[in-house]
Amino acid sequence: MADKLLIVMVNTDPRNGPEMGAPFFQATVAAAMEYEVEIILTGLAGQLAKKGFAEKLYVQEGERNVYQIMQDAHEAGAKFKVCTPTIELWGVDMIPEISETVGGAYVISEAMDDDTVTFTY
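None of the values given here were measured: they were computed from a predicted structure.

Caption draft 1: Here's a closer look at the overall build of the chain. When helices and strands are tallied, the chain shows 4 helices and 5 strands. The helix and strand sequence of the chain, counted from the amino end, reads β-α-β-α-β-α-β-α-β. Here the chain has a C-alpha radius of gyration of 13 Å; the compact-globule value for 121 residues is 14 Å, and the two agree. If one aligns the C-alpha atoms of the chain with their principal axes, the spans along those axes are about 40 × 30 × 25 Å.

Put into structure tokens, the structure is as follows:
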């Protein structure tokens, strides 16, 4: 059985707040279950790595903002990483939860690992 969950957020449009709930909630639960969890932010979803961006988004109006939900995942043990093109597109002023910048080869090698289950959003 796999012991790592890799969540690749590439197709999700972060401007649509309700799309942000599932990946971060699942990351929080998996980390709380003591699985290794990595969340890769790239493409449009890479904007979530920018300071100040996710604070303006809500899964549901009147609830906690997306950044707070991301912080929950991080506090549970999920690691946040960005792909190199994310920095080229959105800049280097990143949220403190970003632990590493990775390239496409990293994402592919992790996704192909037998001990990893990959979800994409």
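Caption draft 2: Up close: the pairing of strand β4 (residues 98–102). Two elements, strand β3 (residues 79–83) and β4, share 4 bridges in a ladder whose sense is parallel. Across the sheet, residue cysteine 83 finds its bridge partner in β4, namely valine 102. For the crossover from β3 across helix α3 (residues 84–90) to β4, the handedness is right-handed.

Caption draft 3: Geometry of the pairing of strand β1 (residues 4–9). The element β1 is extensively covered by neighbouring structure, given that 6 of its 6 residues are classed as buried. The alternating pattern of β1 places Lys4, Leu6 and Val8 and Leu5, Ile7 and Met9 on opposite faces, both of which are buried. Sheet topology note: the β1/strand β2 (residues 36–41) ladder contains 6 bridges and is parallel. Within the sheet, the bridge partner assigned to leucine 5 lies in β2 and is valine 37. Once the chain exits β1 it traverses helix α1 (residues 21–32) before rejoining the sheet at β2, and the crossover so formed is right-handed. As paired strands, β1 and strand β5 (residues 116–120) are joined by 5 bridges and run parallel to one another.

Caption draft 4: Fine view of the nonpolar core. Core analysis: the largest hydrophobic core is formed by 28 residues, its most contacted members being Met9, Phe24, Ile39, Leu41, Leu48 and Met70. Listing elements by their share of this core, those giving two or more residues are β1, α1, β2, α2 (66–76) and β3. Residues in contact with isoleucine 39, not counting those within four places in the same chain, are Ile7, Met9, Phe24, Ala27, Ala78, Lys79, Phe80 and Lys81. Among the nonpolar cores identified, the runner-up in size contains 6 residues, and Val8, Cys83, Val102 and Val107 belong to it.

Caption draft 5: Inspection of α1 at higher detail. Relative to the 16 Å expected for 12 residues at 1.5 Å per residue, α1 spans 16 Å between its end C-alpha atoms, a close match to the ideal helical length. Considering only its buried residues, α1 is in contact with β1, β2, α2 and β3.

Caption draft 6: Quick peek at the environment of methionine 70. By the element assignment, methionine 70 lies in helix α2. Sequence separation between methionine 70 and alanine 27 is 43 residues, and the spatial gap between their C-alpha atoms is 9.0 Å. If we skip the residues at most four places from it in the chain, methionine 70 touches Phe24, Leu41, Leu48, Ala54, Phe80 and Ile95.

Cut-off values and rules
- Residues numbered from 1 in each chain as written.
- Predicted model: local features only at pLDDT ≥ 70, side-chain atom pairs only at ≥ 80, totals over all residues.
- Heavy atoms only, no water.
- Helix = DSSP H or I, 4+ residues; strand = E, 2+ residues; numbered from the N terminus.
- Rg over C-alpha atoms; globule rule 2.2 N^0.38 Å.
- Pairing = 2+ DSSP bridges.
- Right-handed = clockwise from strand over helix to strand, strands pointing away.
- Buried < 20%, exposed > 50% of the residue type's maximum accessible area, 1.4 Å probe, protein only.
- Core = buried A, V, L, I, M, F, W, Y, C linked by side-chain atoms within 4.5 Å.
- Contact = heavy atoms within 4.5 Å.
- Expected span 1.5 Å × (residues − 1).

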